[in-house]
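Residues per chain, in single letters:
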Amino acid sequence: MGAKIFFFNIIYYAVTLGLVGLGREDPNSSLGYGIMIVVFWIVALVFLIVSLRTKFLAPKSFIQKVGIFTLTPVLFLIVVTLIASFEG
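A closer look at the overall build of the protein chain
Now for step 1: When its secondary structure is counted, the protein chain shows 4 helices and 0 strands.
Now for step 2: Ordering the α and β elements of the protein chain from the N terminus gives α-α-α-α.
Now for step 3: For the protein chain, long-range pairs separated by at least 24 residues make up 64% of all intrachain contacts whose partners lie at least 6 apart in sequence.

Regarding the environment of L48
Now for step 1: Position of L48 relative to the elements: it lies in helix α2 (residues 30-53).
Now for step 2: In this structure L48 comes out as buried when scored by relative accessible area, which is 6%.
Now for step 3: Between the C-alpha atoms of L48 and G2, which are 46 residues apart in sequence, the distance is 15 Å.
Now for step 4: Apart from residues lying up to four places away in sequence, L48 is in contact with L57, I68, L71 and T72.

Reading guide: rules and limits
Residues numbered from 1 in each chain as written. Predicted model: local features only at pLDDT ≥ 70, side-chain atom pairs only at ≥ 80, totals over all residues. Heavy atoms only, no water. Helix = DSSP H or I, 4+ residues; strand = E, 2+ residues; numbered from the N terminus. Contact = heavy atoms within 4.5 Å. Buried < 20%, exposed > 50% of the residue type's maximum accessible area, 1.4 Å probe, protein only.

Here you go:
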């Protein structure tokens, strides 16, 4: 995977998981953290679209395309849905 794609994946999941962790620590403010996650995802998606259009992130191999896919919330939502289905 390209270094830029890998770096942005690390940042993307660190911020997302950090906000989820903060929301779980303080249930009273979890709605605020949920809104912050959605806003972060929107900003990250806009950045991803701009980066792909300007060729800043240019996936060439299959692995790099998978890395671009993991920069979207789809994978995260699938994992959360699977975890929630096993808990309840």
